Amino acid sequence: MTDAETMTAVLCDRYGAPDTLWLDDVPIPAPAPGEIRVRVHAGTVNRTDTATLRGHPFFARAMTGLLRPKMPTLGMDFAGVVEALGDGVSAFRPGERVFGLSPERFGAHAQYLCLPADGPLARIPGDLAFDEAVVGEGAWYADATTSLLSEGARCLIYGASGAIGSAAVQLAKVRGAHVTAVVGTRHLELAQGLGADRVVNYETEDFTALGERFDLVMDAVGKTSWRACRPLLTPDGIFTATDLGPGWSHLLLSGWCALTGSKRVRLPFPENAPGFVRRLAGLMAEGRFRGVFDRRYRLDEIVEAFRYVETGQKTGIVRIDIP
Ligand SMILES: NC(=O)c1ccc[n+]([C@@H]2O[C@H](COP(=O)([O-])OP(=O)(O)OC[C@H]3O[C@@H](n4cnc5c(N)ncnc54)[C@H](OP(=O)(O)O)[C@@H]3O)[C@@H](O)[C@H]2O)c1
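Quick notes on the rules
- Residues numbered from 1 in each chain as written.
- Predicted model: local features only at pLDDT ≥ 70, side-chain atom pairs only at ≥ 80, totals over all residues.
- Heavy atoms only, no water.
- Salt bridge = Lys/Arg side-chain N within 4 Å of Asp/Glu carboxyl O.
- Helix = DSSP H or I, 4+ residues; strand = E, 2+ residues; numbered from the N terminus.
- Buried < 20%, exposed > 50% of the residue type's maximum accessible area, 1.4 Å probe, protein only.
- Contact = heavy atoms within 4.5 Å.
- Domains from an automatic or database assignment.
- Buried area = accessible area lost by both parts, 1.4 Å probe.
- Polar contact = N/O pair within 3.5 Å; in protein donor to acceptor, adjacent residues only side chain to side chain.
- Nonpolar A, V, L, I, M, F, W, Y, C, P; charged D, E, K, R; others polar.
- Near = heavy atom within 4 Å.
- 1 Å grid on protein atoms, 1.4 Å probe; cavity = no way out; pocket = protein on both sides within 12 Å on 5 of 7 lines; lining within 4 Å.
- Points joined across faces, edges and corners; volume = space filled by probe spheres on them.

### Remarks on the pattern of salt bridges
Right, on to step 1. Counted according to the given criterion, the structure contains 16 salt bridges.
Right, on to step 2. The partner of Arg296 in a salt bridge is Asp131, and the shortest N-O contact between them spans 2.6 Å. With Arg296 in strand S14 (residues 293-298) and Asp131 in the loop between strand S7 (121-123) and helix H3 (136-146), the pair connects residues that are 165 residues apart, well separated along the chain.
Right, on to step 3. By relative accessible area, which is 39% here, Arg296 ends up partly exposed.
Right, on to step 4. The buried category is assigned to Asp131, whose relative accessible area is 18%.
Right, on to step 5. Among the ionic pairs, Arg319 bridges to Asp131, the shortest N-O distance being 3.9 Å. Taken together, the residues Arg319 in strand S15 (residues 317-321) and Asp131 in the loop between S7 and H3 connect sequence positions 188 residues apart. Accessibility classification places Arg319 together with Asp131 in one group, the buried group.
Right, on to step 6. Via salt bridges that share partners, Asp131, Arg296, Arg319 and Asp321 belong to a single interconnected network.

Laid out in structure tokens, this is it:
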């Protein structure tokens, strides 16, 4: 598939639907000083990739490029082998198995990826396979909310079957919280298996009428609202969302709360990706965190993978095998 100087990569040169993506041979990138080059074996298509390809929301183009995507190749999660080192890199050796995130320049939908050696990457724990290590994106977003939890806090995670929600259940348990997970019928066993203390089926039960109060309610899939969840909160309880909400209501409310000094409604944005990926590696090594996986696609099926992720019906993570 590749000769000495070129690699296969998925390319995009404009915002649009999945079929704007195409595969091509492009030069293998050279690691700059302080960078490593990874031979990528597994990746994912996640909601950050699909939103970035669409250029939605429009204001995000301030980071991704106003008229067209700045990054020629999408793909944020990766797992692979360190293949070359830029000048000055001593933290990694060629041949080491690594996983991580490329949240700024993306680029993991390709056979090779260069990124800073001190960036969001870590050695893959034990004998975990490449395709079991592509777990970063949803977990990083989940961590932005679950880091608000303290030992013994009671939280409700709405939509605990997505990439963010399934990670949030596990990370909330790591924080010592009591977790109520709200999912549909087909995901009841999954939520139980992730360690939720209580599982509620949103198809048969009104989760807003549980008769319980929570310190934190997280809308992990953008399918509920502050108005619906407000009665579930303790007087100091917090509502968080991962999505802008209907009519950007979550964005507007969280902005209003920030202006007025209230902590009631938040749209937490993840930070410190390098520190998070290293912590995640530790949790995986201890068996306290695992990926939840749905379909897998080959790199040359990337358009189908994007279409499936855009349905909003995936369970956890959609993987890409990179030959
Ligand atoms: N802030 C950011 O930059 C950022 C980054 C990534 C993602 N996001 C947003 O975060 C949200 C979650 O992303 P994700 O990747 O975790 O989602 P996802 O994996 O696409 O979530 C899909 C899951 O949600 C469940 N679901 C669908 N409708 C539901 C409903 N009405 N109630 C409860 N569950 C429902 C589906 O199962 P069932 O239909 O069987 O219930 C499916 O398992 C998305 O809205 C995404 O746009 C934001």
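### Here we look at the environment of Ala117
Right, on to step 1. Mapped onto the fold, Ala117 is located in the loop between strand S6 (112-116) and S7.
Right, on to step 2. Between the C-alpha atoms of Ala117 and Ala9, which are 108 residues apart in sequence, the distance is 22 Å.
Right, on to step 3. Those residues within four positions of Ala117 in sequence are excluded, and the remaining contacts are Gly34, Glu35, Ile36, Val89 and Phe92.

### A word on the domain arrangement of the chain
Right, on to step 1. The domain architecture assigned to the chain consists of domain 1 (6-135 + 291-321) and domain 2 (138-266).
Right, on to step 2. The gap between the C-alpha centroids of domain 1 and domain 2 is 28 Å.
Right, on to step 3. At the interface, 13 residues of domain 1 touch 15 residues of domain 2.
Right, on to step 4. Together, Phe59, Val292 and Thr315 form the three largest contributors to the area buried by domain 1 at its contact with domain 2, with a combined 38%.
Right, on to step 5. On inspection of domain 1 and its partner domain 2, the count reaches 0 salt bridges.
Right, on to step 6. Between the two partners, domain 1 and domain 2, sit 3 residue pairs in polar contact (both at pLDDT 80 or more).
Right, on to step 7. Grouping the amino acids of the side of domain 1 that touches domain 2 by side-chain chemistry returns 8 nonpolar, 4 polar and 1 charged.

### Some thoughts on helix H1 (residues 47-54)
Right, on to step 1. Considered for burial, the residues of H1 that qualify are Thr48, Asp49, Thr50, Thr52 and Leu53.
Right, on to step 2. Looking at the packing, one finds that the buried side of H1 touches strand S3 (35-45), helix H2 (61-64), H3 and helix H9 (302-310).
Right, on to step 3. Its side-chain oxygen at 3.0 Å from the backbone nitrogen of Thr48, Asn46 defines the N-terminal cap of H1.
Right, on to step 4. Residue Gly55 follows H1 closely and has a positive phi angle near 75 degrees.

### Quick word on the site of the ligand
Right, on to step 1. Around the ligand, 23 residues are found, and the nearest of them are Tyr158, Arg186, Tyr202, Asp243 and Lys314.
Right, on to step 2. Tyr141 is positioned such that a nitrogen or oxygen atom in its side chain is 3.3 Å from an oxygen atom of the ligand.
Right, on to step 3. Within the side chain of His187, an N or O atom sits 3.5 Å from an oxygen atom of the ligand.
Right, on to step 4. Secondary structure elements with two or more residues in the shell around the ligand: H1, H3 and helix H4 (163-174).
Right, on to step 5. Grouping the amino acids of the shell around the ligand by side-chain chemistry returns 7 nonpolar, 10 polar and 6 charged.
Right, on to step 6. Counting contributing residues per domain, the shell around the ligand is built from domain 1 (6-135 + 291-321) and domain 2 (138-266), each supplying no fewer than three.

### Topic: the layout of surface pockets
Over the atoms, a rolled probe matching the size of one water molecule traces out where space is still vacant.
Right, on to step 1. For the second largest pocket, the calculated volume is near 260 Å³.
Right, on to step 2. Looking at the second largest pocket, it is lined by 16 residues, and the ones nearest its centre are Met7, Pro29, Pro72, Thr73 and Gly107.
Right, on to step 3. For the lining of the second largest pocket, the secondary structure elements donating two or more residues are strand S1 (6-11), strand S2 (22-27) and S6.
Right, on to step 4. Among the residues making up the lining of the second largest pocket, the classes are represented as 13 nonpolar, 2 polar and 1 charged.

### A short note on the side chain of Arg319
Right, on to step 1. Looking at Arg319, the relative accessible area reads 10%, which means it is buried.
Right, on to step 2. Ignoring any residue separated from it by four or fewer positions in sequence, one finds Arg319 in contact with Gly43, Thr44, Asp131, Glu132, Val134, Phe293, Arg295, Arg296 and Tyr297.

### Remarks on empty space enclosed by the protein
Right, on to step 1. Summed over all chains, the structure comprises 2 cavities of 30 Å³ or more.
Right, on to step 2. Every residue lining the largest cavity is listed: Val135, Gly138, Ala139, Ala163, Ser166, Ala167, Gln170, Phe289, Arg290, Gly291, Val292 and Ile317.
Right, on to step 3. Of all the secondary structure elements, the ones that give two or more residues to the lining of the largest cavity are H3 and H4.
Right, on to step 4. Per element, the largest residue contribution to the lining of the largest cavity is 4 residues, and it comes from H4.
Right, on to step 5. When residues of the lining of the largest cavity are sorted by domain, at least three fall in each of domain 1 (6-135 + 291-321) and domain 2 (138-266).
Right, on to step 6. Space inside the second largest cavity adds up to approximately 40 Å³.
Right, on to step 7. Forming the walls of the second largest cavity are Thr44, Val45, Asn46, Asp77, Val135, Glu137, Gly138, Ala163, Lys314, Gly316, Ile317 and Val318.
Right, on to step 8. Contributions of two or more residues to the lining of the second largest cavity are made by S3, H3 and S15.

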